[in-house]
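# An overview of the molecular structure
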Amino acid sequence: AIDARRGGMGSAQLSAYVTPDHQDGARLALDRLVERARELNPYRGRALRATNAGGLHLTVIDLPSTLTRDTVIIDDEVWREIDLGLTAVRDRHHLLNTHGLGARRGVLLCGPPGTGKSAVSAVIAAEVVGAFTVIYVEAKAGEHLLTAVVQEAQRLGGPVLLVLEDVDLWCQTRHSGYGGGLSELLAAMDIAAEARILTLASTNDAATLDEAAIRTGRFDSIVAIGYPTRLDAARILTALISELPGADTVDTHAVAAAVPEQTSGSDLREIVRRAVLSADETGQLSTEVLLVEVGSGRYRATIPNGMYL
């Protein structure tokens, strides 16, 4: 007889009841069922979101298709470090594990808000999904169930990309007085060094993370994504306006030269959005319209000075 039931954490369990002389056959049958389940797992090769809903809950999600390495303008070193991790878990895992080096990798993206950390994760996720299973881990699931996520990732089989955005929201230094998320992260990152898992995490401030969390072997590479240079700002503007009316008349270098220092990619996007909304009825962009938006400073949300009674 076969009895299917759900465990205490909501995970499925399968038990086979046999007479003592058939125990070996039952184990073989269960092993075959597990292997077959892995092959047919409906989550394998999909993009998923991991949430904490009284236990680990996985939901299939759609990934944005508009972002590419051509439209997300950052330092090439960022792509090189991520590609190194992809190579480890996709192509060189057997070699690394055979020699006891471990295939599992972790990359931490750090930098100010709006500089493109989430966009980088979205580009990589869209590139590898299908060959990889992509799992976006929400903050509550990361804080309490990251070990369960890693264990589930191993059961899926094949290479897995784990995306932990704004990890500093739930995992801080032990000196902050709260270590729940930290202990969960440390435990999860130490599971199965041979696993085919690339963890791609992001934070606005790496200094808030505990040193134990960002050491080699957990996060093997810490990559800074800073504010774009003037040249990169012009490239970002070119990518943003490429299909808009009047784009061929815009001097993006002149606009980039007019923006203040420490202007993020998100700020540049809002400059273009405001220019589109304030353009005439034809919707034609121009260098002048963009420069007016830069000069207004309204593209950057700023809290007014003073107090309200």
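Along each chain, residue indices are assigned from 1 in the same order as the chain's sequence is written. Local features in a predicted model are, by the rule used here, given only for residues with pLDDT of at least 70; side-chain atom pairs are given and counted only at 80 or more, and totals for whole chains, interfaces and linings are based on all residues. Water and hydrogen atoms were dropped before computing side-chain values, which therefore reflect all heavy atoms in the structure.

### Thoughts on the overall build of the protein chain
How we decide: Segments assigned H or I by DSSP are reported as helices when at least four residues long, segments assigned E as strands when at least two residues long, and all are numbered from the N terminus. Pairs of residues are marked as contacts when any of their non-hydrogen atoms sit within 4.5 Å. In short, Shrake-Rupley with a 1.4 Å probe defines the accessible areas, and a residue's cover is counted only from the protein chains shown. For this count, His and the chain ends are skipped, Lys and Arg are scored as positive, and Asp and Glu as negative. Taken as the charge location is NZ of Lys, CZ of Arg, CG of Asp or CD of Glu.
When helices and strands are tallied, the protein chain shows ten helices and nine strands. Seen through its C-alpha atoms, the protein chain measures out along the principal axes to roughly 85 × 45 × 45 Å. Excluding contacts between residues fewer than 6 apart, the proportion of contacts in the protein chain whose partners are at least 24 apart in sequence is 73%. For the protein chain, the exposed area adds up to about 16900 Å²; of that, 52% sits on carbon and sulfur atoms. Between the mean site of the 29 positive side-chain charges and the mean site of the 39 negative ones, the protein chain shows a separation of 6 Å.

### Structural notes on the nonpolar core
Using the following cut-off: Only buried Ala, Val, Leu, Ile, Met, Phe, Trp, Tyr and Cys residues count toward a nonpolar core, and they belong to the same one when joined by side-chain atoms within 4.5 Å. Partly exposed residues are those whose accessible area sits between 20% and 50% of the maximum for their type, while under 20% is buried and over 50% is exposed, using a 1.4 Å probe and protein chains only.
Judged by nonpolar contacts, the single largest core of 33 residues is most densely connected at Ile135, Val137, Leu146, Leu162 and Leu185. Those elements that provide at least two residues to this core are strand 3 (47-52), strand 6 (133-137), helix 5 (139-156), strand 7 (160-164), helix 6 (180-189) and strand 8 (197-203). If one sorts the elements of this core by residue count, helix 5 sits on top with six residues. Within the second largest apolar cluster, 27 residues are counted, among which are Trp79, Ile82, Val120 and Phe132.

### Re the pairing of strand 9 (residues 221-224)
The criterion, for reference: Strand pairing follows a simple DSSP-based rule, namely that at least 2 bridges must link the two strands.
Burial along strand 9 is one-sided: Ser221 and Val223 are buried, while Ile222 and Ala224, pointing the other way, are not. Direction of pairing for strand 5 (residues 105-110) relative to strand 9: parallel, over a ladder of four bridges. The partner of Leu108 across the bridge, within strand 9, is Ile222.

### Here we look at the layout of surface pockets
Put simply, the rule reads: Points on a 1 Å grid, built from protein atoms alone, make a cavity when a 1.4 Å probe fits but cannot get out and make a pocket when they are open with protein on both sides within 12 Å along at least 5 of 7 lines; residues with an atom within 4 Å of a point are the lining residues. Grid points are joined across faces, edges and corners, and a volume is the space filled by probe spheres set on the points. Under the scheme applied, nonpolar residues are Ala, Val, Leu, Ile, Met, Phe, Trp, Tyr, Cys and Pro; charged residues are Asp, Glu, Lys and Arg; polar residues are all the others, including Gly.
In this model, the second largest pocket occupies a volume close to 820 Å³. Val72, Thr115, Gly116, Ala119 and Gly265 are the residues nearest the centre of the second largest pocket, which is lined by 31 residues in total. Those elements giving two or more residues to the lining of the second largest pocket turn out to be helix 4 (117-128), helix 7 (230-241) and helix 9 (265-278). Per-element tally for the lining of the second largest pocket: the top contributor is helix 7, with four residues. Within the lining of the second largest pocket, the residues separate by chemical class into 14 nonpolar, twelve polar and five charged.

### Digging into the sheet that holds strand 6
Within a sheet, neighbouring strands are paired by backbone hydrogen bonds and run either parallel or antiparallel to one another. Convention followed: Under this scheme, a helix contributes an axis fitted over its contacting stretch, all axes are lines through C-alpha atoms, and angles between N-to-C directions fall in the 0 to 180 degree range.
Strand order in the open sheet formed by seven strands is 4-3-6-7-8-5-9, and the pairing between neighbours is mixed. What marks the edges here is a single partner per strand, and that holds for strand 4 (56-60) and strand 9. For this sheet, the mean angle separating the axes of adjacent strands, direction not counted, is 20°. In terms of strand pairing, strand 3 meets strand 4 through five bridges, oriented antiparallel. Opposite Leu48, over in strand 4, you have Val60 as the bridge partner. Along the sheet face, helix 2 (residues 76-90) touches strand 5, strand 8 and strand 9 and points at about 160° away from the line of strand 5. Most of the contacts of helix 5 go to strand 6, to which it runs at about 165°, and overall it touches strand 3, strand 4, strand 6, strand 7 and strand 8.

### Observations regarding the state of the cysteines
As a reminder of what qualifies: For the purposes of this analysis, a disulfide is any pair of cysteine sulfur atoms at a distance within 2.5 Å.
Applying the stated criterion to the full structure yields zero disulfides. Note on Cys110: no disulfide assigned, nearest cysteine sulfur contributed by Cys171 at a separation of 14 Å. With relative accessibility at 15%, the residue Cys110 sits in the buried group. On the basis of relative accessible area, Cys171 is assigned to the buried category, the value being 0%.

Everything listed here is a matter of coordinates, which is why it stays silent on function.
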